[in-house]
Amino acid sequence: MEESDFILGLFFSDENNLIYDNIKLSEELPEENKNRLKMLSYKFLGPIFLTSAERSEEGWKIDFIEASLSLKKGLTRNVDILQSFFNINSTLCSEEGLPTHISALIGSPHTEDVKILHDKLVQYIHPVILQGKLVLESVLGSDFKFSDFIKKELKRGINLLEFSLGKARKMYWEEQQQYYCLGIIERVIERGIKKTSNLYTFNKDDPLRKLSLDFIPSFYTIAILPDYYESLINETLELFNRKSIFSNISVIELSNQNKNIFYFEEFNVENDIKKSYGAILVPNFGIPDEAKNISFYRRNLRNILDLNKDDPFEIIVKINPNFKSDKWCTKSEEDLTKISECFDKKV
Amino acid sequence: MEEINLEEMYDIDKDRLFKYYERIKNQFSNLDPLKIVAKFLNNQSIGDSIDKVYNIFDYYNDKIKKSILDFAFEWIRAQKIRLEYKKYLIRAQYSDYELAIDDCAFLFFIKYDKYLRTILKEDVKEFEISALYEIFFIPFQISSVNIKNLLERHRNKIPTLFKESKRINTSLITLRLALEQIIKSDYDGVLLSRREEAQKKDIMGTKAFGSQNMQMEFNGTLLERMIKTYCFNKREIKLADIDNGIVSFLNSYFKFGKFYDYDEFEEKLKDSLAEYINNGLTERYKKPDSLEFLKKLIKEVLSEFRTVHTIKKLDGAAWVNDLKSVLKNFFFKFINDLT
């Protein structure tokens, strides 16, 4: 594959939070873009482990983000052929018990086999870095230079990921999971500017709302993630000179030990207005009768978009009858603080 | 679960092998048990010699959780894995050795490494596991395995790390270091085979080029014959025949599915068509400058064609389609103008 065909970056953050990166760059990129790309690693690595003064967010990691890419209206010349864009993250603890993180950024003209890329990163590239450091430290002693070592390993890692791109996608058998919905996020963007952003969820006094906090880092965190990553991905596309396409978040996956969150969105674009609806889903919530599979949620989110009513609550209540019709705005910091105060306290 | 998956993936017919082992055991019942297994394995074309295999068994006998026969079965299973890995390697295109090592390690050996460690005792050192990889996976035509030298070489390269009394997992580094030379050597073999194959093709290609070269020119024999027939008996040539002649002329050069640049074939087409038509003219119609005149006429026709058809590169069939009517009209007019 030509270097200009894809976007590929590998970022590593060690126990001391020092960040190293390897980004495959096309020679055609302007110098300014290449410099700004260096900051990308901080932006992608930053939130993958969520830290906060609130204990509830400890241990939560962002494992995977996928965005769908669409052509901007009117731009049919010099079209950027990118079909998939995703960010795969891995967190492993060193021998000292301190977390290290590795993040792969991939934009490809093909529909990639995400599982094999994920497995290569998580089962090989990341552990090899940790183990290699230990072995070489023991063999070389004070002659061991971590910066040289990590440079070589990131180069090997990125080459291994690149080699997997464009390969035939395998079908994997997976047991169908049942999920419970904790909230719906509504986002409306007009000509690149955020117009509306709302959260639909339980009443703040509903015991289900309090129970939800055992399954998510916080409503505040979940509410900001789609906008944050969508902007970041659009910024990345621009830095890589892919100006004819824009992104929409498809999936965000988070985990904390045995807890998982699956967030996905459906969207449409009409007259320069992009509307998206996302469902915050968790497995094993404890109400099996109300748990549904992903296609149920997908169908209903699509229904909201297709029917295009002013008030989507008619369908939102089908997704979870325990939700209230109140829209909780998530647009500004003030709105988010209100959400945090109302929804993120157990007492 | 891992163990079952790997055993299914690289299944060996243990029943058949066990029966064969039993026959050997009955035949050589006076031999040391390790020697019997060594003979059994060597008879499977594994190992340099029975003695070398015996020495390996002797060393690893107290390092495995299972019996030495099970160990022998795993050596056989390793050959199956090697076969699959080699089949993959033959088709792979790597930019460097490191990529080859990482890709093959991930695809074929990570799972196997976890499996192999389940049959070894916990106190087996990393260099002993690494040496075992060389024993199992290096082709025997390359290496003669002397167990003492082999272990010494690996001991110096691969440490076993502990934190206080707890062993630190460095399995992937052991795997990578163990497979380094094996995969490099195998991939060198693949590259050498490819080069030899390419050289063979070059030699054959040069011989075929002569005949192929002829196919790169236009063939207007049919048109030549048509003109000649007309010159002799002045009988009207049907449009359908002209059509056939022109299509035959174009198809002799253009192939469906292959792309042609207009600038590449323009001169060839002009010169060939002019030559064939000129060759068809009898003395009555031919003049000293007939050929040049024909070339000029055809050039004008093609220039006019170019003002309308500006696309530079097309599939062969598309060129035939586009040029057909223009050349047909030219040929028809040329014949009508012959006096």
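What counts, and where the lines are drawn
- Residues numbered from 1 in each chain as written.
- Chains lettered and ligands numbered in written order.
- Predicted model: local features only at pLDDT ≥ 70, side-chain atom pairs only at ≥ 80, totals over all residues.
- Helix = DSSP H or I, 4+ residues; strand = E, 2+ residues; numbered from the N terminus.
- Rg over C-alpha atoms; globule rule 2.2 N^0.38 Å.
- Buried ≥ 20, exposed ≤ 12 C-beta atoms within 10 Å, placed from the backbone.
- Contact = placed C-beta atoms within 7 Å.
- Nonpolar A, V, L, I, M, F, W, Y, C, P; charged D, E, K, R; others polar.
- Expected span 1.5 Å × (residues − 1).
- Axes fitted to C-alpha atoms, helices over the stretch in contact; angles between N-to-C directions.
- Parallel < 35°, antiparallel > 145°, perpendicular 65-115°, else oblique.
- Left-handed = near helix turned anticlockwise from the far one by under 90°.
- Core = buried A, V, L, I, M, F, W, Y, C linked by C-beta atoms within 7 Å.
- Domains from an automatic or database assignment.

Trainee: Honestly, the overall build of chain B in this entry has me stumped. Any pointers?
Mentor: Along its length, chain B carries 14 helices and four strands. Taking 20 Å as the expected radius of gyration for a compact globule of 339 residues, we find that chain B reaches 36 Å, considerably beyond that expectation. With respect to the principal axes defined by its C-alpha atoms, chain B has extents near 105 × 50 × 35 Å. Looking at chain B residue by residue over its 339 residues, the buried ones come to 26%.

Trainee: Please clarify how the interface of chain B and chain A should be interpreted in this entry.
Mentor: Interface size, as often reported, equals the accessible area lost upon joining of the parts. Counting residues at the interface gives 16 residues for chain B, matched by 16 residues for chain A. Elements with a minimum of two residues in the side of chain B that touches chain A: α6 (97–119) and α9 (171–215) of chain B. Broken down by class, the residue content of the side of chain B that touches chain A amounts to eight nonpolar, three polar and five charged.

Trainee: I tried to follow helix α3 (residues 33–42) of chain B on my own but got confused; where do I start?
Mentor: Inspection of α3(B) places Ile36(B), Val37(B), Ala38(B), Phe40(B) and Leu41(B) among the buried residues, and these make up the whole buried set. Here the buried face of α3(B) lies against α2 (14–27), α4 (50–60) and α5 (68–91) of chain B.

Trainee: I would appreciate a short explanation of helix α12 (residues 262–280) of chain B in the present structure.
Mentor: It helps to recall that an α-helix has 3.6 residues per turn; residues three or four apart then point in one direction. Counted at 1.5 Å a residue, the expected span for α12(B) with its 19 residues is 27 Å, and the 26 Å between its end C-alpha atoms agrees. Packing partners of the buried residues in α12(B) comprise α10 (221–233), α11 (239–251), α13 (290–308) and α14 (316–337) of chain B.

Trainee: Could you clarify how one ought to interpret the packing of α3(B) against α4(B) in this entry?
Mentor: Between two packed helices, both the angle of their axes relative to each other and the distance between the axes serve to describe the pair. Residue and element names in this part refer to chain B. In the contact formed by α3 and α4, the axes pass within 8 Å of each other and the chain directions differ by 125°. For the element pair α3 / α4, the angle class is oblique. As α3 packs across α4, the resulting crossing turns out to be right-handed. Contact with α3, carried on its side by Leu34, Lys35, Val37, Ala38, Lys39, Leu41 and Asn42, involves Ile50, Val53, Tyr54, Phe57 and Asp58 of α4 and no other residues of that element.

Trainee: Just to check I follow, could you spell out the packing of α12(B) against α13(B) for this structure?
Mentor: Residue and element names in this part refer to chain B. In the contact formed by α12 and α13, the axes pass within 9 Å of each other and the chain directions differ by 135°. Considering the angle they form, α12 stands oblique to α13. Where α12 crosses over α13, the handedness of that crossing is right-handed. Contact residues: Glu266, Lys270, Asp271, Leu273, Ala274, Glu275, Ile277 and Asn278 in α12; Ser290, Leu291, Leu294, Lys295, Ile298, Lys299 and Leu302 in α13. In the contact of α12 with α13, the residues fall into seven nonpolar, two polar and six charged.

Trainee: Would you mind showing me how to read the nonpolar core here?
Mentor: Within soluble globular proteins, side chains that are nonpolar generally end up buried alongside one another. Judged by nonpolar contacts, the single largest core of 125 residues is most densely connected at Cys181(A), Ala279(A), Ile280(A), Leu281(A) and Leu179(B). Discounting residues that sit within four places of it in the chain, Leu281(A) has contacts with Tyr179(A), Tyr180(A), Cys181(A), Phe262(A), Tyr263(A) and Tyr297(A). Counting 25 residues, the second largest nonpolar core, distinct from the first, contains Ile242(B), Ile246(B), Tyr276(B) and Val320(B).

Trainee: Teacher, can you tell me more about the domain arrangement of chain A here?
Mentor: Residue and element names in this part refer to chain A. One can read the domain layout of chain A as domain 1 (3–164) and domain 2 (179–343). Here the C-alpha centroids of domain 1 and domain 2 sit 26 Å apart. The set of elements that each furnish at least two residues to the side of domain 1 that touches domain 2 consists of α1 (31–37), α2 (40–45) and β3 (61–71). Ranked by residue count, the leading element in the side of domain 1 that touches domain 2 is β3, at 11 residues. For the side of domain 1 that touches domain 2, the residue count by class is 19 nonpolar, six polar and 10 charged.

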